[in-house]
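Structure assessment
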Amino acid sequence: MSSAQVLSGKDMLPKGVPETPLTDSVAGRPATGLQSPLHTTLDANGTPPELPHVQINQTPLSVVIRNLTIFTVKEISQYMKTNVHPGAGGAADGENGASPRKIAFLQLVIYLRNQFLKLYVLVKWARTIKGNNFAALIDLLNWFRTTNTSVNNCIWALKASLDSMTNAKLPNADIITALEVLSLGRPNLPPQFLKISAQGQMRPANTDVTVPPSLVLKVLRDLNLGVSVKMALADLPPQFSDYRVKNGRVYITVPNEFEVQLSTLGQGAPFFFVDLTFLFNSEQDTVLPLNKPRLEKLINDLLYKHRERRPLHLLFQFMHKYILTLKLYMIHRELQLLETSGKFAGGNLIHVYDAKKSIVSGRYWINGKSGNKGRFTIGVDRTTEKLILRWDNDFSSSVPGSHSSAGSSAASAGSKNQGKDIASQHKFADMPTVYNHILGNVESILDEITFNHANVIRMRLLATGVFQEDEENADVLLFQLPTTCMSTAPIQLKIDLITGVFYFKNPTSLLLDYIKRINHTERTEDLITILQKLKLDKISHVLRNMFEKTGWICNKVINLDKKIPTQFTGDDASHGNDLLQKDMFISLPKWPVNWYLILTVISSNSSCIIEKRIGKIVSSKGVWELKYLDTASVTSSKLETMTYQKVLSLQKSILHRIVNHMLIDSLNELMIKNKICSLDTISQNMPKYVMEDDSGNAESESLTSSQASQDEDYTSIITMELVSFLEGSNALNGILESSMFMRIDYANSEIRLYAKFKHDIMIKQVQCKELLIHFVKNDDLAFYLCEHFKSLSQIVHYLSTFRQKLMQLVILTDVVERLHNNFASENFKIVAVKPNEISFNYLRNAAANSSSNNTVLDDIDKQDCTINIITSDMKVKNLSVKLSKTNPQHIIQPFINNGGYDYHFIFNYLQFTSSLFTTLRDIIREREENKDQASTRVSLGLHNLSEYQLVYYNTESGTKITLIIELKNASHNGHNTVQFYVHFSNDEHITTKSLAYPMIHRVRNEVFILNTKPSSSLTGSPAAPATLDPAAQTPLRKFPHSVRLVDGISCDSRDIEAILQEIHAILKVDSNASGPGKTQT
């Protein structure tokens, strides 16, 4: 395509428009060319101008060769760096990987070779140009590029113009005007002597158009006749029966809808529209402007196109639907005015206009939950084809015989109000639910609907029997609220017809709070329930004022998760669901903490009952928990019987009950089985020592009297189980009776715990003042623990005190009994007893020995042994034994402290070795008394608890004799018994030449050999083994409980004293007196 064809614009002309040559706008001659970059202007000689020379972006050949060489070297070196090392996968990998590297290097060489070839071809081509003038080629290339850019810009500009003129259209002119424009280039305007009429027709300015009146009248008469004949022959709908013919047209009137005017041109011509008037609103043209041209066209089309198909019927259907739609829209506008600026403004009325379905749905009483079913619908009735307003409610169809099932829920409320419900339903049936003539009467219709709806709600509330009707004002409902326990006062409840909410007349803060709850309910049953709660709160308020004025404290913070169980709990079927309950927690200032008198207020529609019980409530982690509740002694009374006198008397009569239940709760927490003794139990089965005090005066008469539960000096008695009181310990089952009695005397502020021994025990012979145990005078086995309290809260504290003291008594009794069993001798005697300490004597002549050393020892060291009882968790953990310094066994105290022996072993050991250590003490004491006259010294050595040594040392002769005494087990009649084994030590190696030999020889002959019957042999044959075989032994004359051994003698604790005394009598003689050639004195 040449540049001349692009710019000629020949293709841009519309079809049918002749192509005309372009003329110069200045000279009027044909244009020879356009001044454009695409055209070259020749000079005067007819030669084209020179190409513009370009000197930029030109690089010398040497620079190009140098750059290409540098690029080649860099590429080769980079390749060598990245591919010089073979892969690390072994020989196999190297062979497989060599081929790709070779291919890559070959591609690099080919690429670089091509670059040099291009440069070589360019140099060779440049040399072929005449005079090496390749600069002209560069200029020509630059000119072609510039020209190509200009052509592309023109193409894009034309495309943009085409896109912007997409929506452009030519004027829709008539054919004549189009031909004039096509031929003349402009429309042929009318001459000056023509005038254009209002209908767009042209006539001469001086033409007279006046029509004679006679002609006009004749034409009108002809038209009236033609229209009458046409109407008589036409098929008219019933609604078009009212019409009249006048002024050449027919006036068809449809009452309350429209009046349409039609006319015709002749008998064969159809009707055409003339005029239309709406009859439902005289100010329709001002309120709603009518688009008559549009309506005229639609009606004429309808009459012309359907002239063979009953056109007047179609006209009525069209106009009737149009009028109904127009009325519905006007009702919509009227409802909008009521919602925005009318009496229902403020969100009390809403509606939705659906133009497609021709329905207006509305709701009133938006803020009232009880009126959430206040709905209405405006639409076309299918039978009458008229606009109606239908009030949608749930009570108009609930009468008997109705097809709706909405009344089934009301009938299930109960048979007691069934008669009232049926009567009220018949009244509801008389209320209108369908309204006509809506346009212009919407406000009055809504007023009637809200009034009827409020009346329905009042009738339903009256049918429940909770409300009363006000005789002076029928719109008011009366509800009775208690002002005191014995009087009530009515409050007035009404319904606002605009908002649909309930309100009280002259409300208080309590009534304002409850009216909010009432307005959030949807059902009548919920409303009655809220009013019953209001009544319950009012009763609680009256009771709270009564108790607070009489000195009680009402706790308003306690809120339990579950209600207190009452006599009506689980019996809702017989009482209905109208029972409401509220718990009140009250106390007195001097009461124990967490203990309350619980008042349970149970209210119904007709009565109110108050239950009184005692309970303990504590707060744990922010949650209130009921820890104890008295279910046995619950008293009930009606609200009318509550007086100030009864509230005051309740303060005195309930004190002992609080304390009793507090003790029972504490005993239950301690897992102690208990039971409060009733008056019958006290008078019949109670032991006498519990009912009598120390002076022996009986209190049974005061306890059994009718006034005992009301006086301040009332005495409570609680029976407890011994085992559970001692936390499951059976230690005293064989010592004390299984039942104990706690007696609380409020007059003397005294609490006693009575118990009784089963039999006479040793602990009774020892008095321990620290235990505060008092024995009953008239009963030797009964005793009690006594404490005085200053406040009621201390009573529970004394339970642990009594338990501690009784456990101490258990421990002391157990230890004393064990001591009596272990030290079963006439020398045993308990000296002193403390709660954790027992001091006793068990040695022979302990009193004489202690009195003989009064110059050395203190008075507190008169006992042989002291036992300290170490307890843990009220149980014996360990017994520590401490021997007195005057006790000859005190030498074994370190072994007892460090040995960790069981106290049974220690007691048996002390009892068994008591005669041994007593004899050793006498021997050592005798030597110390005669140390100035004798030269023999005696010392006692102790290796362990089973081996002792008595060393005789003569200072003059230097002789040393060691007598060993050992404790060993021996078998006798199949039983193991402990025996003393007495013999001399072999460490001294005493020979016949030693001065000590005669004494050792004498001990062996006189003591160890033992004088027996003549049948026994005294030869030097080996002795019998150290086993006590009665068949192999012969009866002994002295030391009957001893046995001769090879180098010593074996005996028990009964003969050890005599044997040691006889041996000492031999060994205590000075060695110089018994030397060789001397006789023994």
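Placed above this text is the structure.
The present account deals with the structure reproduced in this document. (Residues numbered from 1 in each chain as written. Predicted model: local features only at pLDDT ≥ 70, side-chain atom pairs only at ≥ 80, totals over all residues. Heavy atoms only, no water.)

Regarding the overall build of the chain
When its secondary structure is counted, the chain shows 28 helices and 37 strands. Relative to its full complement of 1081 residues, the chain shows a buried share of 36%. A sequence separation of at least 24 residues applies to 54% of the contacts in the chain between residues at least 6 apart. (Helix = DSSP H or I, 4+ residues; strand = E, 2+ residues; numbered from the N terminus. Buried < 20%, exposed > 50% of the residue type's maximum accessible area, 1.4 Å probe, protein only. Contact = heavy atoms within 4.5 Å.)

Some points on helix α27 (residues 997–1008)
M999, I1000, V1003, V1007 and F1008 are the residues of α27 that are buried. End-on, the buried residues of α27 take up no more than an arc of 100 degrees, which puts them together on one face. (Arc of directions from axis to C-beta.)

Structural notes on the pattern of salt bridges
The tally for this structure, following the rule as stated, stands at 16 salt bridges. A salt bridge links R310 to D235; the shortest N-O distance between them is 2.9 Å. Of this pair, R310 sits in the loop between α8 (292–305) and α9 (311–340) while D235 sits in the loop between α6 (213–233) and β3 (243–246), and the two are 75 residues apart along the sequence. Classification of D235 as partly exposed rests on a relative accessible area of 41%. Taking the shortest distance from any N to any O, the salt bridge between D1052 and R1054 comes out at 2.7 Å. Residue D1052 is classed as buried on the basis of its relative accessible area, which comes to 10%. (Salt bridge = Lys/Arg side-chain N within 4 Å of Asp/Glu carboxyl O.)

Quick look at a nonpolar patch on the surface
The grouping of L122, W125, F134, L137 and I138 at the surface amounts to a nonpolar patch, some 450 Å² of accessible area in total. Elements with a contribution of two residues or more to the nonpolar patch: α3 (91–128) and α4 (135–164). Position of F134 relative to the elements: it lies in the loop between α3 and α4. (Patch = residues over 30% accessible without salt bridge, like charges linked within 9 Å, V, L, I, M, F, W, Y side chains within 5 Å. Areas by Shrake-Rupley, 256 points an atom, 1.4 Å probe, with all protein chains shown as cover.)

Things to note about the state of the cysteines
A disulfide bridge is the covalent bond that connects two cysteines by way of their sulfur atoms. Tallied over the full model, the rule gives zero disulfides. C608 takes part in no disulfide bond, and the closest cysteine sulfur, belonging to C485, lies 8.7 Å away. (Disulfide = S-S within 2.5 Å.)

As for the environment of L324
Here L324 lies in helix α9. L324 gets classed as buried once you look at its relative accessible area, which sits at 11%. Each C-alpha atom, one on L324 and one on E257, is 8.6 Å from the other, the two residues being 67 residues apart in sequence. Not counting the four nearest positions on each side in its chain, L324 is found in contact with V380, E385 and L387.

Examining unusual backbone geometry
Look at N256: it is not a glycine, yet its phi comes out positive at around 65 degrees. Tracing the sequence through the fold places N256 in the loop between β4 (249–254) and β5 (258–263). A relative accessible area of 51% means that N256 is categorised as exposed. One non-glycine residue, W365, lies in the positive phi region at around 55 degrees. One can find W365 in the loop between β8 (359–364) and β9 (375–380).

Comments concerning the sheet that holds strand β12 (residues 468–469)
Strand pairing within a sheet occurs via backbone hydrogen bonds; the two strands may be parallel or antiparallel. Across the sheet, which stays open at both edges, the four strands sit in the order β12-β13-β14-β15 with antiparallel pairing between neighbours. The open sheet is flanked by β12 and β15 (502–504), the only strands paired with a single partner. Pairing geometry for β12 and strand β13 (residues 477–482), over two bridges, is antiparallel. Residue pairing across strands places Q468 opposite L478, the latter belonging to β13. (Pairing = 2+ DSSP bridges.)

Focus: the packing of aromatic side chains
Each aromatic ring pair is specified by the distance between its two centres and by the angle formed by the two planes. Counting across every chain of the model gives 26 aromatic pairs. Ring geometry for Y79 and F105: centres 5.3 Å apart, planes at 35 degrees, overall tilted. Here F105 lies in helix α3 and Y79 lies in helix α2 (residues 61–83), a separation of 26 residues in the sequence. Three or more aromatic residues joined by ring pairs make a cluster, and in this case those are F823, F828, F840, Y842 and F907. For the cation-ring pair, R244 lies above Y251, with the distance from its terminal atom to the ring centre recorded as 4.7 Å. (Phe/Tyr/Trp six-rings, centres within 6.5 Å; stacked < 30°, edge-to-face > 60°. Lys NZ or Arg CZ within 6 Å of the ring centre and 35° of its normal.)

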